[in-house]
Structure formats: C-alpha cells, structure tokens
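# Fold and contact review
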Amino acid sequence: MKDLLKEIQNCKKCGLYKTRIMPTIYCGNIKSKIMFIGEAPGKNEDETGVPFCGRAGKILDELLNYINFKREDVHITNIVKCRPPKNRDPKESEIKKCGCFLEKQIKLVNPKIICPLGRFSSKYILKKYFKKSFEIGEVHGKVFKVNNIVIIPMYHPAAAIYDNKKIDVLKKDFKKIINNL
Ligand code: SF4
C-alpha cells in the first residue's frame, strides 16, 4: 500500500493534480472484507485527504453504525483520487486514468464485498465485472456475485442529504452487507 500511496501522491496522469490540495486515497482498514467506493473527493476531502469527511461522510458513519460497524472496520475510497474543480462530476477520461489505482487497491485489500456508492462507481465496477452498464436506480441493493466477490451497488450517501426517503433505502441496502458477509 505504501508504494501505491507514493504513486498516487506523485501522479500527474490527468489534469486534476493541478487544482487539488492533496489526493484522497483511503481511510479505514487495508485488510477489510468490506470496501466502499465513492466517486471523487469534495472540498473537505481535498483539504484533509480523508474520504467521506463532510456531510455525506456523516451519513455514511450513521449507516455503518446501523449495521454495527465503524470506519476502522471497513475500507473507504473513491474511484477518482483528486478533487474535480467546483465538485463537478468526474470525467470519463479521469475515471479511466485514475481507475488503475483503484484496480491495485482492490487487489491489495482483497475484499469479500464491494459496495460502489453512487452512479459513477456503480457503473465502473459493474462494467469491470460484467461488461455491462446498469442504472443505479435499477440495481441499488441488488447482490451480484462474481469471482468470489459480492458486489452490492448503493446510492451515494449524499443522496440522503436532499431526499429524506433515501436514508431508509440506504439502510435497507446496507443490511444486505450483513446478510452476505
Ligand atoms: S485524479 Fe487520479 S489520475 Fe488524476 S492526477 Fe489524481 S491520482 Fe492521478
């Protein structure tokens, strides 16, 4: 993991390195059975290097707490490691270039369950394993099994900031983690 951190810290593969303060690589356990993959860092993450440390992070903590887990028990990361300016969506080209780090990270962590959070990471992970695109609205909470890995796509926790009903959907989907551990 040390080598990977260095590689990401020195990376200039896409233009996002120019505007970031620091890359946001991961938090939690590097040998966890559960890996959460978000989309890209926001302002708070860019300033601290810690993924999910703002409002969406509080919701993620609440969801982890709901299934009796803490951050230290799981591995949390994003597909894109540097903040897109003004929190715009990550571009296809940025996801493609940064994806190689995520690939290495998945190999190092070797999780039993991968939960992509949100449409970008769900699309990326499902395409990687199934070579097909799915809409997050159709696949959230569904359990996919491939190569001894369980994949459970979920809405991004930020979705619950603006839509109260999403927290119940997320809680229901998080329970699937426990059922598949
Ligand atoms: S977003 Fe990824 S590919 Fe782009 S500069 Fe940062 S680490 Fe490199």
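Structural data are supplied above this passage.
Anyway, here's the lowdown on the structure attached to this text. Keep in mind that what you see is a predicted model, and the values were worked out from it rather than measured.

## Looking at the sheet that holds strand β4 (residues 113-116)
The strand order β1-β3-β2-β4-β6-β5 describes an open sheet built from six strands, whose pairing is mixed. Only two strands of the sheet have a single neighbouring strand rather than two, namely β1 (27-28) and β5 (144-146). Strand direction decides the pairing type here: strand β2 (residues 34-38) and strand β3 (residues 75-78), joined by four bridges, are parallel. Each bridged residue has a counterpart across the sheet, and for Phe36 the counterpart in β3 is Ile76. The sheet contacts of helix α5 (residues 119-130) involve β2, β4, β5 and β6 (149-151), and relative to β4 the element is tilted by about 135°.

## Some thoughts on the nonpolar core
One finds Phe36, Ile37, Ile79, Ile113, Ile114, Cys115 and Ile152 to be the most contacted residues of the largest nonpolar core, which totals 46 residues. Contributing elements (two or more residues each) for this core: β2, α3 (55-66), α4 (92-109), β4, α5, β6, α7 (159-162) and α8 (165-179). The contacts of Ile37, once residues within four sequence positions are left out, are Thr77, Asn78, Ile79, Leu102, Ile114, Pro116, Leu117, Ser121 and Ile125.

## So, the site of the ligand
Around the ligand there are 14 residues in total, and Cys11, Cys14, Tyr17, Cys82 and Cys98 lie nearest to it. The element best represented in the shell around the ligand is α4, accounting for three residues. Partitioned by chemical class, the residues of the shell around the ligand number nine nonpolar, no polar and five charged.

## Describing the pairing of β2
The element β2 is extensively covered by neighbouring structure, given that five of its five residues are classed as buried. Residues of β2 alternate between two faces, with Ile34, Phe36 and Gly38 on one and Met35 and Ile37 on the opposite face, all of them buried. Inspection of the sheet shows β2 paired to β4 by four bridges, in the parallel sense. Its bridge partner being in β4, Ile34 is matched across the sheet by Ile113.

Calculation rules
Residues numbered from 1 in each chain as written. Predicted model: local features only at pLDDT ≥ 70, side-chain atom pairs only at ≥ 80, totals over all residues. Pairing = 2+ DSSP bridges. Helix = DSSP H or I, 4+ residues; strand = E, 2+ residues; numbered from the N terminus. Contact = placed C-beta atoms within 7 Å. Axes fitted to C-alpha atoms, helices over the stretch in contact; angles between N-to-C directions. Core = buried A, V, L, I, M, F, W, Y, C linked by C-beta atoms within 7 Å. Buried ≥ 20, exposed ≤ 12 C-beta atoms within 10 Å, placed from the backbone. Near = placed C-beta within 6 Å. Nonpolar A, V, L, I, M, F, W, Y, C, P; charged D, E, K, R; others polar.

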